[in-house]
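# A closer look at the structure
Chain by chain, the residues run as shown.
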Amino acid sequence: MAEVIGVRFKNVGKVYYFDPDNNKLDTGDMVIVETARGIECGEVAMANKEVGNDEIVFPLKKLIRKATKEDLERIKNNEEKEKEALKICEQKIKEHNLEMKLVDVEYSFDNSKLLFYFTADGRVDFRALVKDLASVFRTRIELRQIGVRDEAKMLGTLGACGRACCCSSFLGEFQPVSIKMAKEQGLSLSPVKISGTCGRLMCCLKYEQEAYIDLLKRTPKVGAIVKTNLGKGRVVDVNLLTGTLKVKMDNTPDEAAPQTFNVKDVKLVKDGFIKVDKKEMDEFKNLE
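Presented here is a report on the structure given in the accompanying data block.

So, how was this worked out
Residues numbered from 1 in each chain as written. Predicted model: local features only at pLDDT ≥ 70, side-chain atom pairs only at ≥ 80, totals over all residues. Heavy atoms only, no water. Pairing = 2+ DSSP bridges. Helix = DSSP H or I, 4+ residues; strand = E, 2+ residues; numbered from the N terminus. Axes fitted to C-alpha atoms, helices over the stretch in contact; angles between N-to-C directions. Phe/Tyr/Trp six-rings, centres within 6.5 Å; stacked < 30°, edge-to-face > 60°. Buried < 20%, exposed > 50% of the residue type's maximum accessible area, 1.4 Å probe, protein only. Lys NZ or Arg CZ within 6 Å of the ring centre and 35° of its normal.

Before going further, it helps to examine the sheet that holds strand β4 (residues 38-51). The 5 strands lie next to each other as β2-β1-β4-β3-β5, forming an open sheet whose pairing is antiparallel. Looking at the sheet topology across the chains shown, the edges are occupied by β2 (15-18) and β5 (63-66). Each strand of the sheet is rotated relative to its neighbour by a mean of 45°, with strand direction disregarded. As paired elements, strand β3 (residues 30-35) and β4 share 6 bridges and run antiparallel to each other.

Turning next to the packing of aromatic side chains. On inspection of all chains with the given rule, the structure shows 5 aromatic pairs. Aromatic side chains F9 and Y16 sit 6.0 Å apart centroid to centroid with 50° between the ring planes, which places their arrangement in the tilted category. Y16 gets classed as partly exposed once you look at its relative accessible area, which sits at 40%. Centre to centre, the rings of F116 and F137 are 6.3 Å apart; their planes meet at 45°, and the pair counts as tilted. Taken as a pair, F116 in strand β7 (residues 113-119) and F137 in helix α2 (residues 127-137) lie far apart in primary sequence, 21 residues in all. Since its relative accessible area comes to 0%, F116 is described here as buried. An aromatic cluster of three or more residues is present, and its members are F9, Y16 and F18. Taking the ring centre of Y107 as reference, the NZ or CZ of K81 above it sits at 4.7 Å. Above the face of the F174 ring, K153 is positioned so that its terminal group lies 5.8 Å from the ring centre.

Looking now at unusual backbone geometry. Negative phi is the rule for most residues except glycine; trans is the rule for most peptide bonds. Between F58 and the following residue, P59, the backbone shows a cis peptide bond with an omega angle of 0°. By the element assignment, P59 lies in the loop between β4 and β5. With phi around 65°, N111 is a residue other than glycine that occupies positive phi space. Within the secondary structure, N111 is located in the loop between β6 (101-107) and β7. Owing to a relative accessible area of 24%, N111 belongs among the partly exposed residues under this scheme. Phi is positive for R138, close to 55°, though the residue is something other than glycine. Considering the arrangement of structural elements, one finds R138 in the loop between α2 and β8 (140-145).

Laid out in structure tokens, this is it:
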């Protein structure tokens, strides 16, 4: 076991562990720490806590100091300089006629590096741009290509539900999302209905998946054969959240409407299965 603090460097970003060096810190405190990118200022997202060694990547770097008034003033000045750097870089991109979209700019705490985040459809030769920017800012320049999910997280926007996107409000890290999740959750396989504002599968499909997996264990799937108080039949529709099934009874005419039952009132004879065929995989491949 080791005592650590969790520090976050971006809003809703990943939390990294550091050695508090015998200091007691509270959530929300600003601290100065050494990272792989150099000296950085971050916010304490997790106060002092004992964690197992298997959760820590050693060697654990120590806290340098709690942020001072001068440190916070430097961060504020860096934010103003980032706005100006954004405008200059956008102009340089136009001058070099590059097919790329600038998303964000970030100064390192000690101004030793200036990082530009951008999106592009393919690879971009930005070597001439880097030299041009280095001559303007007189510091180390790094351009980093990011995906559309990262862009949505950085810029922030509203989802189809009307709330702030999960990625920009509480999801620290992205998790793999698949079309199989959408099918298991009984959603319409329409790109418009299962895609987020970034154009990829909605992140909420992932963190809701565990609840649906639990429900699927207790609920017959479409195609299952069940026994009811009215006889045997085949499940033609399922509502996992309400626990209701629509069953086409074997002892009724083909044109008869299915009967509705609660999952507690039926007995499973033979379960169905959920399958994503190759055509569906190919059709929605770009959404994952």
